[in-house]
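The primary structure of each chain is shown beneath.
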2 protein chains.
Amino acid sequence: MAERANDDEVLDRAEKAAADIRSSIISGHFTPGSRLSEQALGVALGVSRNTLREAFRMLTQEGLLVRRPHAGVIVAVPSLASIIDIYRVRRMIEGQALRGAPPRHPAGRALAAAVDTAVAAREAGDWAAVGTANMEFHRAIVALADSARLDRVYANISAELRLAFGIIDDPEYLHAPYVDRNASVLRAHAEGRSGDAADELDAYLIQSERTLLAAYARGDRDVH
Amino acid sequence: MAERANDDEVLDRAEKAAADIRSSIISGHFTPGSRLSEQALGVALGVSRNTLREAFRMLTQEGLLVRRPHAGVIVAVPSLASIIDIYRVRRMIEGQALRGAPPRHPAGRALAAAVDTAVAAREAGDWAAVGTANMEFHRAIVALADSARLDRVYANISAELRLAFGIIDDPEYLHAPYVDRNASVLRAHAEGRSGDAADELDAYLIQSERTLLAAYARGDRDVH
DNA sequence: CAGGGGAAGTTGTTGAACGATCTTTCGTGT
DNA sequence: ACACGAAAGATCGTTCAACAACTTCCCCTG
């Protein structure tokens, strides 16, 4: 009864609906600012309004949706403030995780695997895959901290971040520069130079943030 | 648009139900491990099952409730791992917030106010109020980081922490030692000695964690 | 063309219903 | 007496239909 430990892949319908909506948002199928009708979406996903509302509640808490009382939910529109905030949290969490990472931590393998995947995807010119691998790299960094709560926080932030990435259309421009940087961070970490790894990552994140903010200021964002 | 969080006091019924349940858990009225029946609670709170389920969903994501499929929700039982994790996250967030706190930040006033309140409550022997003031002190520390997302994360962690505090019956033992420590941290912060403030806080949190873990190991926890 | 006033559409919430699944009880066999 | 298993009972998961409260949109008026 107590020693199950494995996360049952049994998602209930509300969770499945939430996952569907989440991926639709991240993939850009639902653009920021667009309205999600309970009835229409419920029919489309094959769930009842009540169940769909539970899914909305989850995604709202994740910051992907915004509820306006009696006026429906809309896909959250990334703001300058939210981008800045997300990167501030990322630098804090990832930096500390990397700095305090114990050697030979299991997540280290995930780190290396993510870099390999990204490099392979780059060769293949599959920039979307490069982006996914890069995100996985950062998830693995956070996993180094061995904190279930931090993992959860980061999962939420990742989703919001992907939403913000949507304001840049060119995935190569968005993800390509970081593959080698990831490899460099990984190397420093693997060689036990935690401080260097963290410092590199910090500079890396600052540049990434700047790129996003510049695109935002340039007005690349979807004009809902 | 950034200065005042316009917290509309307009909570829908699900949010109100969640708030009720949350305070019942924190106040110890619902003890860890106890089961919350949808029908019974719905009647007690005057909401329908569907609405109550939305509340459950929120509290589950906050870590206060645990859902067992087809077997109802129970109040989360703090575990050694969760206590350790919570304190790890606290040290990370509060430490960084304090270290990087800009001088004359608005939250500084909240910090001072919390200390004053705690001191007054101690004089009055109102240990519950001391506890609340202490929690507020830490909330204010996190607010120094100026991050909406961090604030939200910390709010969740606070609720879980209060749940864990429930394993110690003696609120004086639990909260009294930290009033003066808070004052000391505040002083260091106010005088611009951010590093000292953060270091003091770190030692403080380690002791607090140790106290909790000791109580847990001693078996003070509720034997549901 | 601006503003006001419905009309129509959506959300918020409830109650009932039914299948699916967990718990408890009860009986049986050793 | 105790372990084991099966049926009964209780509860959850989900849907549907309904209605009030509220928003949004469109049309009408000045």
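Residues numbered from 1 in each chain as written. Chains lettered and ligands numbered in written order. Predicted model: local features only at pLDDT ≥ 70, side-chain atom pairs only at ≥ 80, totals over all residues. Heavy atoms only, no water.

Draft legend 1. Broad picture of the sheet that holds strand 1 (residues 35-36) of chain B. All names here are of chain B. Strand order in the open sheet formed by three strands is 1-3-2, with antiparallel pairing between adjacent strands. Edge strands, defined here as strands with exactly one partner in the open sheet, are strand 1 and strand 2 (65-67). With three bridges joining them, strand 2 and strand 3 (residues 73-75) adopt antiparallel strand pairing. Its bridge partner being in strand 3, L65 is matched across the sheet by V75. On top of the sheet, helix 3 (residues 49-62) reaches strand 1, strand 2 and strand 3; it is set at about 110 degrees to strand 2, its chief contact. (Pairing = 2+ DSSP bridges. Helix = DSSP H or I, 4+ residues; strand = E, 2+ residues; numbered from the N terminus. Contact = heavy atoms within 4.5 Å. Axes fitted to C-alpha atoms, helices over the stretch in contact; angles between N-to-C directions.)

Draft legend 2. Structural view of the nonpolar core. One finds L98(A), F137(A), L212(A), L98(B), F137(B) and L212(B) to be the most contacted residues of the largest nonpolar core, which totals 87 residues. In contact with L98(B), not counting residues within four places along its chain, are I141(B), L144(B), V185(B), H189(B), S194(B), A197(B), A198(B) and L201(B). (Core = buried A, V, L, I, M, F, W, Y, C linked by side-chain atoms within 4.5 Å. Buried < 20%, exposed > 50% of the residue type's maximum accessible area, 1.4 Å probe, protein only.)

Draft legend 3. Structural context of the protein's contact with DNA strand D. Lining the immediate surroundings of DNA strand D are 22 residues, of which R13(A), N50(A), T51(A), R49(B) and R53(B) lie closest. Counting only the atoms of DNA strand D that lie within 4 Å of the protein, the sugar and phosphate share comes to 72%. Side-chain polar atom of R35(B) to a sugar or linking oxygen of DNA strand D: 3.3 Å apart, as the coordinates give it. Here a phosphate oxygen of DNA strand D and a backbone polar atom of E38(B) are 3.3 Å apart. The class makeup of the residues in the surface near DNA strand D is five nonpolar, nine polar and eight charged. (Near = heavy atom within 4 Å. Polar contact = N/O pair within 3.5 Å; in protein donor to acceptor, adjacent residues only side chain to side chain. Nonpolar A, V, L, I, M, F, W, Y, C, P; charged D, E, K, R; others polar.)

Draft legend 4. How the structure looks around helix 2 (residues 38-45) of chain A. Looking at where helix 2 of chain A begins, the residue whose side-chain oxygen comes 3.4 Å from the main-chain nitrogen of Q39(A) is S37(A). Just downstream of helix 2 of chain A, G46(A) is the residue with a positive phi angle, here 75 degrees.

Draft legend 5. Local environment of the relation of the copies chain B and chain A. Each copy superposes on the other: chain B lies on chain A with an RMSD of 0.0 Å after a rotation of 180 degrees and an axial shift of 0.0 Å. The superposition of one copy onto the other is thereby described by a two-fold rotation axis. Closest approach to the rotation axis among the C-alpha atoms of chain B is made by E54(B), whose C-alpha sits 2.9 Å away. Mapped onto chain A, 100% of the interface residues of chain B again fall at the interface, so both copies present the same surface. (Least-squares fit on C-alpha atoms with pLDDT ≥ 70 in both.)

Draft legend 6. Fine view of the UniProt feature "domain: HTH gntR-type" (unreviewed entry) in chain A. On the UniProt side, "domain: HTH gntR-type" (unreviewed entry) is annotated at positions that read residues 11-78 of chain A here. In residues 11-78 of chain A, the share of helix is 53% and the share of strand is 12%. The end C-alpha atoms are 28 Å apart. (UniProt positions renumbered as here; feature names shortened; annotations may be inferred.)

Draft legend 7. Here's a closer look at the sheet that holds strand 3 (residues 73-75) of chain A. Spatially, three strands are ordered 1-3-2 (chain A) in an open sheet, and the strand pairing comes out antiparallel. Every interior strand has two partners, whereas the edge strands, strand 1 (35-36) and strand 2 (65-67) of chain A, have only one.

Draft legend 8. Fine view of the interface of chain B and chain A. Contact residues are listed per partner, giving 30 residues for chain B and 30 residues for chain A. Carbon and sulfur atoms supply 45% of the area buried between chain B and chain A, which totals about 2,600 Å² over both sides. In this structure, the connection of chain B to chain A is made through 12 salt bridges. E54(B) serves as the salt-bridge partner of R53(A), at 2.8 Å between the closest nitrogen and oxygen. The interface formed by chain B and chain A contains 20 residue pairs in polar contact (both at pLDDT 80 or more). Elements represented by at least two residues in the side of chain B that touches chain A include exactly helix 1 (13-26), helix 3, helix 4 (80-99) and helix 7 (148-165) of chain B. When the residues that make up the side of chain B that touches chain A are grouped by side-chain class, the tally is 11 nonpolar, six polar and 13 charged. (Buried area = accessible area lost by both parts, 1.4 Å probe. Salt bridge = Lys/Arg side-chain N within 4 Å of Asp/Glu carboxyl O.)

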